[in-house]
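# Structural overview for review
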Amino acid sequence: MAAEAAALLVEDGMKVGLGTGTTVSYLLPALARRKLSIRCVATSERTAEAAARLGLSVESFSTISELDIAIDGADQVAPDGWLVKGGGGAHTREKIVAAAADRFVVIADSSKPTLVLHPPVPVELLNFGLPATLRTLGGVTVRDCPLSPDGGVIADYMAAFGDPAELAARLAATPGVVGHGLFGPDLVSVILVGRGDEVEQRTLGS
Ligand code: DER
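Report on the accompanying structure.

Criteria and cut-off values
- Residues numbered from 1 in each chain as written.
- Predicted model: local features only at pLDDT ≥ 70, side-chain atom pairs only at ≥ 80, totals over all residues.
- Heavy atoms only, no water.
- Patch = residues over 30% accessible without salt bridge, like charges linked within 9 Å, V, L, I, M, F, W, Y side chains within 5 Å.
- Areas by Shrake-Rupley, 256 points an atom, 1.4 Å probe, with all protein chains shown as cover.
- Salt bridge = Lys/Arg side-chain N within 4 Å of Asp/Glu carboxyl O.
- Helix = DSSP H or I, 4+ residues; strand = E, 2+ residues; numbered from the N terminus.
- Phe/Tyr/Trp six-rings, centres within 6.5 Å; stacked < 30°, edge-to-face > 60°.
- Lys NZ or Arg CZ within 6 Å of the ring centre and 35° of its normal.
- Buried < 20%, exposed > 50% of the residue type's maximum accessible area, 1.4 Å probe, protein only.
- Pairing = 2+ DSSP bridges.

### Thoughts on a nonpolar patch on the surface
- The grouping of Leu126, Phe128 and Val178 at the surface amounts to a nonpolar patch, some 340 Å² of accessible area in total.
- Position of Leu126 among the secondary structure elements: in the loop between β7 (121–125) and α5 (130–137).

### Things to note about the packing of aromatic side chains
- All chains considered together, the criterion is met by one aromatic pair.
- Ring geometry for Phe104 versus Phe183: centroids 6.2 Å apart, planes at 35°, classification tilted. Highlighted residues: Phe104 in strand β6 (residues 101–109) and Phe183 in strand β11 (residues 182–183), separated in sequence by 79 residues.
- Taking the ring centre of Phe183 as reference, the NZ or CZ of Lys85 above it sits at 5.6 Å.

### Let's talk about the pattern of salt bridges
- In total, this model carries seven salt bridges according to the counting rule given.
- Of the charged contacts in the structure, one is a salt bridge between Arg33 and Glu4, with a shortest N-O distance of 2.9 Å. Taken together, the positions of Arg33 in helix α2 (residues 24–33) and Glu4 in helix α1 (residues 2–7) put the pair 29 residues apart, joining distant regions of the chain.
- On the accessibility criterion, Arg33 (53% relative accessible area) is exposed.
- Owing to a relative accessible area of 39%, Glu4 belongs among the partly exposed residues under this scheme.
- A salt bridge links Arg143 to Asp156, with the nearest nitrogen and oxygen atoms 2.8 Å apart. Of this pair, Arg143 sits in the loop between β8 (140–142) and β9 (153–157) while Asp156 sits in strand β9, and the two are 13 residues apart along the sequence. Asp156 shares its class with Arg143; the two are buried.
- Among the charged side chains, a salt-bridge network with shared partners connects Asp72, Lys85 and Glu94.

### Let's talk about the pairing of strand β13 (residues 198–203)
- When you tally the buried positions in β13, you get zero out of six residues, a small fraction of the element.
- Judged from the six bridges that link them, strand β12 (residues 190–195) and β13 form a sheet pairing that is antiparallel. The residue of β13 that forms the bridge with Val190 is Thr203.
- Here β12 folds back onto β13 in antiparallel fashion, the turn holding two residues, of which Gly196 has a positive phi close to 60°.

Written out as structure tokens, the structure is:
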């Protein structure tokens, strides 16, 4: 329901960022069914392939500098609009795409809202100096999965934390951290949560 509602926010002629994950897999057919003339960029090869199969026009993000809208799922959604993303390991690209969009729309099912964000917080780390980065951060577990398409090591910050802004600042300031899955409310425009037959909409930004 949330994915269908998000697809209706897309208009003819828009440049659209497509997220990654199981929720986005409902968005792609809903978007394709609208038969709009849109240009898409994808946050993962998985999404690019699925979108192209449905007839959506997917371009490289090396030639487009701004997007009208980006739509993506989330692993956790807090009441104040903070998100944890990256369960699928695509959070670094997802954040670049979200930040390039005029509107970032989050789609989620009713299991994603949470009163308080909690571990794991996905991170992407540079392979160079990995043991040193892990020692500095502490509490990080490297995932048993392939490197990111950009050569990064996907891992999870597993330690308890209070203020997401504080942890986001610490992660961003640590050399060797390429990206992290904490997305602040400043990035988010709209959150659509599907509950049964209804879609709850929370508007945060423009
Ligand atoms: O990996 C990701 O960042 C995904 O967008 C994730 O946050 C949501 O994935 P899901 O729709 O499969 O739950």
